[in-house]
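# Residue-level structure breakdown
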Amino acid sequence: MSFSPIKLYNEFVFGKPGFVILNLLLIGVFFAWHAQDFRLDASADSLLLDNDPDLELSREISARYGTGDSVIVAYTPNGELFDRTTLERLAGLREDLLAIDRIGAVDSILNVPIFGDTPLTGISEDYLTILDEAQNLELAQKEIMTNPIFQNALLSPDGETAGLLVGFEIDEISTQLLSRRTELQRQQISSVLPPEEMLELERIEKEYAEYSVIFADRQHEIISSIREVLDNYRGDAEIYLGGAPMIADDLVTFVQADLRTFSIAVVLLIIFALGMIFRKLRWVAIPLACCAVAGIVMVGMLGLMDWRVTVVSSNFISLLLIITISLTVHLIVRYRELRATRHFSNHDKLLRHAVKSMFRPCLYTALTTAVAFGSLIVSGILPIITFGWMMMMGVGTALVVVFLLFPSIMASLKVDNANLSSGLRLDLTGALARFTDKFKGNVLILYILIIVLSVLGLTQLRVENSFIDYFREGTEIYQGMSLLDDKLGGTLSFDVIVDLPQEEDDFLDDFGQGFDDGFGDTANNDAYWFTAPKMAQVEAIHNYLDDDPQTGKVLSFGSVIQLAKILNDGEPIDGLLWALLYSRIPETLKDTVLTPFVSVDDKQLRYNVRVIESAENLNRNELLLRIEQGIETEFGFLDEEVQLSGILVMYNNVLQSLFQSQILTIGVVMFAIMLMFLVLFKSLSIAFICIIPNAIAAAVVLGIMGWLDIPLDIMTITIAAISVGIGVDNTIHYMERFRREYVRFGNYRETMFFCHNSIGRAMYFTSMTIVAGFSILSLSNFIPTIVFGLLTSFAMLVALVGSLTLLPQLLITFKPLGAEIR
């Protein structure tokens, strides 16, 4: 006790508790002010691998082909779609959407060309649309339904649902900042940046971080404005909204709604559980006060540091609540235990003893829990790395707050003279002790069986990320994504980028340079690129992609080739006619059907492939590999000539990295925790024994996920770390008390019964409180919230039962504390 920090702690916490409480309140006010800067981030960047080359490729492709964010509106009128009144109503909707700020274009059946009996060589800027009075609606409907460009994209196969593709304007500021940042980061990787460029990189990164907040808010405003417009037209039609920006926005909306709705419900249930367990206001108020201060400090700290919470880390507040309550309940139970057994000691002495005796196990609990969450830092995935750091900071914050606030409040309160009973109405801990004592070695056999079943479940664990499965079937977003899958070719997509071999164009071989005299400008020189053999290959690749049963609508220049054949009465099109067509394609059509899919200068093709999210047995990784390897094999391309890009590809990279990092980090964290056990208990045998229940807890949770077909994805990857973190808490507290009491009893069986009746109760109270609170999450409409609540509760129960059955039986069997003396 001569160490100055301990003296300082005792002097202020026990001698000047009011001063400590006041300072904590001031700190709380400071961080509460910065809590207003706390943000949720669901941008694509927040869910992707750091320095993923496919991310750079995706941005390069977007810049080259001029593609930006867009959403799809599915419009199914109550009456006939191809009716003048309905079309006028749809035209009004289109105009209202175009009037929204930062909406660049709205493509629909209203502005696509109707060629009628126009021959292929007669295509010009002066084409009719469905809104022209002279247009025969029945013939127009048949033409659009058979048009390979627009069918299953702007019009459903049954002709009952129209699609409106709403394109957002490209944000030039964001593009410029991102481009310059990427350029400087590449230079930094390849060489040492000069000081002035290092300063510029720091400035650009700061500006981009600040502007990304503005950009995200603007995206939300655009989505909200679109929804407001759609609401004005729902009376006459069934309308759904889809697209990657909408999904990202809805993820944030659902998480925010759950945080608002269920945070209150969780707290109320925890209050109820604490009240039922302790039946005293102070034992309810003190844990809540500790949770409030720890929560405010962490939220404010994240706001101050501009660390944005993603959908991955959105549950960190709930986990902080678990950790804080666990620490507080252990202190409460220890104090009450001392009060019940040491009747002649005064309040101050009991409080000091309770805090002193619990600090060491709580410190090691916090450290090992931090190590469990720290394993996420090596994942290489930015949101998961950030989540790992958040939880490490949260664990430290909870430990400091609890060991400052709990004794300060207790020292300020009057002594509770109520009689404390050592009995329980539901003596679950005693029942588990009797169960362990009765079945003895059979407990180990039971857990061996559990391990086998868990391993079998682990073999069935799959890596997948289906956004449609994040929502209940009754929600609007689920129904909208299902309708888009069924009628408009899917919602999310990826790009297939094909680099054509460098070779002499057949057109030049056939017609020579003399033909160039008639097309003297650069634009018409590009026409030579469109040769008949090349167009046949473009169409063949398009058909290959379209024939895959798990792909939806394929958008590419191949659709234009198919339409050209239809307009040419099925006759083949030679190189001369392709050059003529290129020179005559209306500019408005070029921006829609040519520029986004062909880069003549780069001799490159782009195929945009939508995926049916609701398809059964869809494995995105297998689909992407099948398509890339299939094109290479089928058409003789080299590996570097075929690349996949887009948000779906990058999410798949994240998922594959998750699976690899999960295997790596679980092994690393188990080894690190065992080393901490070795330091704490100074015994290799005890360290091995203590790691077993934690390893089983993680295996059981992941095994259950495998058996229940719950995929390992961006939302569930943290479950293993949570399971280990929770299990470590119970193991350390139980083992620390068992080791101390064994010296007194000298008998493993008697020590087990005593520990179950003391520290076991604290573990039981903590677990039941958390399970009661988090069970309410099962009522959410957001499936990841439900899974998190149920699996966290299950992990609590597994950790509790393992620490109160397997751990004592291992101690009794292997006797790591030495032979019994009586």
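Refer to the structure presented above.
Figured I'd write up the structure that's included with this text.

Criteria and thresholds
Residues numbered from 1 in each chain as written. Predicted model: local features only at pLDDT ≥ 70, side-chain atom pairs only at ≥ 80, totals over all residues. Heavy atoms only, no water. Helix = DSSP H or I, 4+ residues; strand = E, 2+ residues; numbered from the N terminus. Expected span 1.5 Å × (residues − 1). Buried < 20%, exposed > 50% of the residue type's maximum accessible area, 1.4 Å probe, protein only. Arc of directions from axis to C-beta. Contact = heavy atoms within 4.5 Å. Pairing = 2+ DSSP bridges. Axes fitted to C-alpha atoms, helices over the stretch in contact; angles between N-to-C directions. Core = buried A, V, L, I, M, F, W, Y, C linked by side-chain atoms within 4.5 Å. Phe/Tyr/Trp six-rings, centres within 6.5 Å; stacked < 30°, edge-to-face > 60°. Salt bridge = Lys/Arg side-chain N within 4 Å of Asp/Glu carboxyl O. Patch = residues over 30% accessible without salt bridge, like charges linked within 9 Å, V, L, I, M, F, W, Y side chains within 5 Å. Areas by Shrake-Rupley, 256 points an atom, 1.4 Å probe, with all protein chains shown as cover. Lys, Arg positive; Asp, Glu negative; His and termini not counted. Charge placed at Lys NZ, Arg CZ, Asp CG, Glu CD. Polar contact = N/O pair within 3.5 Å; in protein donor to acceptor, adjacent residues only side chain to side chain.

Moving on to helix H13 (residues 428–439). If you check H13, its first and last C-alpha atoms are 16 Å apart, about what 12 residues at 1.5 Å a residue would give, namely 16 Å. The complete set of buried residues in H13 reads Thr-429, Gly-430, Leu-432, Ala-433, Thr-436 and Asp-437. Mapping the buried residues of H13 onto a view down its axis gives an arc of 160 degrees, with all of them on the same face. Elements in contact with the buried residues of H13: helix H14 (441–459), helix H26 (748–757), helix H27 (759–774) and helix H28 (783–814). Just beyond H13, the residue with positive phi is Lys-440, at close to 45 degrees.

With respect to the helices and strands, Phe-278 occurs in helix H8 (residues 244–278). Between the C-alpha atoms of Phe-278 and Leu-413, which are 135 residues apart in sequence, the distance is 17 Å. Sequence-distant contacts of Phe-278, that is, excluding residues within four places in its chain, are made with Trp-283, Val-329, Ile-332, Val-333, Arg-336 and Phe-765.

To continue, consider the sheet that holds strand S3 (residues 103–107). Reading across the sheet, the four strands line up as S3-S4-S2-S5 and stay open at both edges, with antiparallel pairing between neighbours. The open sheet has two free edges, formed respectively by S3 and strand S5 (237–242), since each of these has just one partner strand. In this sheet, adjacent strand axes meet at a mean angle of 20 degrees when their direction is disregarded. Looking at chain direction, strand S2 (residues 70–77) and S5 are connected through six bridges and run antiparallel. Its bridge partner being in S5, Ala-74 is matched across the sheet by Tyr-240.

The next thing to look at is the nonpolar core. In this structure, Ile-109, Ile-226, Phe-494, Val-496, Phe-530 and Phe-557 are the most contacted members of the largest nonpolar core, which totals 243 residues. In this structure, Phe-557 is in contact with Phe-530, Met-535, Val-538, Trp-578, Val-593, Leu-594, Phe-597 and Val-598, ignoring residues within four places of it in sequence. Membership of the second largest hydrophobic core comes to eight residues, among which are Leu-184, Leu-193, Ile-204 and Tyr-211.

Two aromatic rings are characterised by how far apart their centres lie and by the angle between their planes. Tallied over the full model, the rule gives 23 aromatic pairs. Aromatic pair Phe-12 and Phe-19: ring centres 5.5 Å apart, planes at 35 degrees, arrangement tilted. Taking 5.3 Å as the distance between ring centres and 45 degrees as the angle between the ring planes, the aromatic pair formed by Phe-745 and Phe-754 counts as tilted. Residue Phe-754 is classed as partly exposed on the basis of its relative accessible area of 25%.

For the coordinates displayed, the defined rule picks out 27 salt bridges. Among the ionic pairs, Arg-234 bridges to Glu-476, the shortest N-O distance being 3.5 Å. Residue Arg-234 is located in the loop between helix H7 (195–231) and S5, and its partner Glu-476 is located in helix H15 (residues 476–487); the two are separated by 242 residues in the primary sequence. A residue is classified by how much of its surface remains accessible, and Glu-476, at 42% relative accessible area, is partly exposed. The salt bridge involving Arg-360 is made with Glu-736; its shortest N-O contact spans 3.2 Å. On the criterion of sequence distance, the pair formed by Arg-360 in helix H11 (residues 347–374) and Glu-736 in helix H25 (residues 719–745) is long-range, its members being 376 residues apart. The class for Arg-360 is partly exposed, based on a relative accessible area of 29%. A single network of salt bridges, built from pairs that share partners, joins Glu-60, Arg-64 and Asp-602.

We now examine a negative patch on the surface. A surface patch of like charges, here negative, comprises Glu-80, Asp-83, Glu-88 and Glu-133. With respect to the secondary-structure elements, Asp-83 resides in the loop between S2 and helix H4 (84–98). Accessibility expressed as a relative area gives 33% for Asp-83, which makes it partly exposed.

Of all eight residues in strand S10 (residues 604–611), eight are buried; the element is thus mostly enclosed. Across the two faces of S10 the burial is the same, with Gln-604, Arg-606, Asn-608 and Arg-610 and Leu-605, Tyr-607, Val-609 and Val-611 all buried. Bridging between strand S8 (residues 551–555) and S10 involves three bridges; their strand directions are antiparallel. Among the inter-strand pairings, Val-554 is bridged to a residue of S10, identified as Val-609. Sheet topology note: the strand S9 (residues 598–599)/S10 ladder contains two bridges and is antiparallel. Bridge assignment links Ser-599 to a residue of S10, and that residue is Gln-604.

Here strand S4 (residues 162–168) lies mainly inside the structure; six of its seven residues are buried. In this structure, S2 lies alongside S4, joined through six bridges in antiparallel fashion. When the bridges of S4 are listed, Tyr-75 appears paired with Ala-162. When S3 meets S4, the two strands line up antiparallel, connected through four bridges. In the strand pairing of S4, Ile-103 is matched with Phe-168.

On the surface, a nonpolar cluster with roughly 910 Å² of combined accessible area is contributed by Phe-435, Phe-439, Leu-446, Ile-448, Leu-449, Val-452, Leu-453, Leu-456, Trp-707 and Leu-708. Contributing elements (two or more residues each) for the nonpolar patch: H13 and H14. Sort the elements by how many residues they give to the nonpolar patch and H14 lands first, with six residues. Within the secondary structure, Leu-708 is located in the loop between helix H24 (684–707) and H25.

A separate point is the side chain of Glu-337. Note on placement: Glu-337 falls in helix H10 (residues 316–341). On the accessibility criterion, Glu-337 (17% relative accessible area) is buried. Here the side chain of Glu-337 touches Arg-334 through a polar contact of 3.2 Å, side chain to side chain. Aside from chain neighbours lying at most four places away, what touches Glu-337 is Arg-737, Phe-754 and Ser-758.

Function-wise, these values are silent; they only describe arrangement.
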